[in-house]
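# Report on the structure
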Amino acid sequence: METPTPSRLKSARKAAGLTQQQLGMALGMEPNTASARMNQYEKGKHAPDFLTMKRIAKELDVPVAYFYCEEDVLAKLICELGKLSLEDQNSILGIVLSKK
């Protein structure tokens, strides 16, 4: 199975309204190489290391786990849960745990 990271990276970048170059530059890449590097990540030719993915996740305002989750529904849940306050996350966790 292919890693979900490239397609998730592309969709999160587009949802944030950024070009590949803009995202790369926001991460501190040189303007003349930023687009090419981000393109390689989105095409799956190269994979960013975990610390780079954390920085990308922060820039795109999504949890880093979103990029690694194989299941689409779970990935969507991770994104939505990441938008909630810690208090709301804990409330939902309590509900889920009580269903067991």
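The following paragraphs examine the structure supplied in this document. Quick caveat: nothing in here was measured; it's all calculated off a predicted structure. (Residues numbered from 1 in each chain as written. Predicted model: local features only at pLDDT ≥ 70, side-chain atom pairs only at ≥ 80, totals over all residues. Heavy atoms only, no water.)

## With respect to the state of the cysteines
Using the following cut-off: For this text, the term disulfide refers to a pair of cysteine sulfurs within 2.5 Å. Think of it in three bands: with a 1.4 Å probe and only protein chains considered, a residue is buried below 20% of the maximum accessible area for its type, exposed above 50%, and partly exposed in between.
Under the definition given, this model contains zero disulfides. Cys69 carries a free sulfur, and the closest cysteine sulfur to it, the one in Cys79, is 9.7 Å from it. Its relative accessible area of 9% is what places Cys69 among the buried residues.

## Here's the deal with the nonpolar core
Formally: Among the buried residues, those of types Ala, Val, Leu, Ile, Met, Phe, Trp, Tyr and Cys that are joined through side-chain atoms within 4.5 Å form a nonpolar core. Numbering goes from the N terminus for both helices and strands, where a helix is a DSSP run of H or I of at least four residues and a strand is a run of E of at least two.
Formed by 18 residues in total, the largest nonpolar core has its most connected members in Leu9, Met38, Ile56, Leu60 and Phe67. Elements with a contribution of two residues or more to this core: α1 (5-15), α3 (31-43), α4 (50-60) and α5 (72-82). The leading source of residues in this core is α4, at four residues.

## Here's the deal with the pattern of salt bridges
The cut-off we apply is this: Criterion for a salt bridge: a side-chain nitrogen of Lys or Arg within 4 Å of a carboxyl oxygen of Asp or Glu.
Counted under the stated rule, the structure contains three salt bridges. Between Glu42 and Arg13 there is a salt bridge whose closest N-O contact spans 2.4 Å. Of this pair, Glu42 sits in helix α3 while Arg13 sits in helix α1, and the two are 29 residues apart along the sequence. Across the pair, exposure class does not vary: Glu42 and Arg13 are buried alike.

## Looking at α4
As a reminder of what qualifies: The arc in question is formed by the directions pointing from the helix axis toward the C-beta atoms. Between N or O atoms, a polar contact is any pair within 3.5 Å; within protein, one atom must be a potential hydrogen donor and the other a potential acceptor, and residues adjacent in sequence are included only when both atoms are from side chains.
For α4, every residue scored as buried is listed here: Thr52, Met53, Ile56, Ala57 and Leu60. Relative to the axis of α4, the buried residues are bounded by an arc of 140 degrees and lie together on one face. The exposed set on the far side of α4, more than 90 degrees from its buried face, consists of Leu51 and Lys58. Where α4 begins, the capping side chain belongs to Asp49, and its oxygen is found 3.2 Å from the backbone nitrogen of Leu51. Just downstream of α4 lies Asp61, where phi reads positive at about 60 degrees.

## Remarks on a positive patch on the surface
Our working definition: The patch calculation keeps residues exceeding 30% relative accessible area without a salt bridge and links them within 9 Å when they carry like charges or within 5 Å when they are nonpolar (Val, Leu, Ile, Met, Phe, Trp, Tyr). In this description, accessible areas are obtained by the Shrake-Rupley approach with a 1.4 Å probe, and a residue is regarded as covered only by the protein chains that are shown. Only four residue types enter the tally: Lys and Arg on the positive side, Asp and Glu on the negative side, with His and both chain ends excluded. By convention, the point assigned to a charge is CZ for Arg, NZ for Lys, CD for Glu and CG for Asp.
On the surface, Lys10, Lys14, Lys43 and Lys45 cluster together into a positively charged patch. Within the fold, Lys10 resides in helix α1. On the accessibility criterion, Lys10 (36% relative accessible area) is partly exposed.

## Describing the side chain of Arg8
To be explicit about the condition: Two residues form a contact once any of their heavy atoms are found within 4.5 Å.
Tracing the backbone through its elements, the reader meets Arg8 in helix α1. For Arg8, a relative accessible area of 6% puts it in the buried group. Not counting chain neighbours up to four residues away, the residues in contact with Arg8 comprise Tyr66, Phe67, Cys69, Glu70, Glu71, Asp72 and Ala75.

## Focus on the packing of α1 against α4
Defined as follows: Note on geometry: axes are C-alpha line fits, over the in-contact stretch for helices, and angles between N-to-C directions span 0 to 180 degrees. Any angle that is under 35 degrees is reported as roughly parallel, and any over 145 degrees as roughly antiparallel; angles of 65 to 115 degrees are reported as roughly perpendicular and all others as oblique. Should the near helix be turned anticlockwise from the far one by less than a right angle, the crossing is left-handed, and should it be turned clockwise, the crossing is right-handed. Three classes are used: nonpolar for Ala, Val, Leu, Ile, Met, Phe, Trp, Tyr, Cys and Pro, charged for Asp, Glu, Lys and Arg, and polar for all others, with Gly counted as polar.
Across the interface, α1 lies against α4 with an axial gap of 10 Å and an inter-helix angle of 30 degrees. Taken together, α1 and α4 sit at an angle that is classed as roughly parallel. Relative to α4, α1 is oriented so that their crossing is left-handed. Every residue of α4 that contacts α1 at Thr5, Leu9, Ala12 and Arg13 is listed here: Met53, Ile56 and Leu60. Looking at side-chain class alone, the contact of α1 with α4 contains five nonpolar, one polar and one charged residues.

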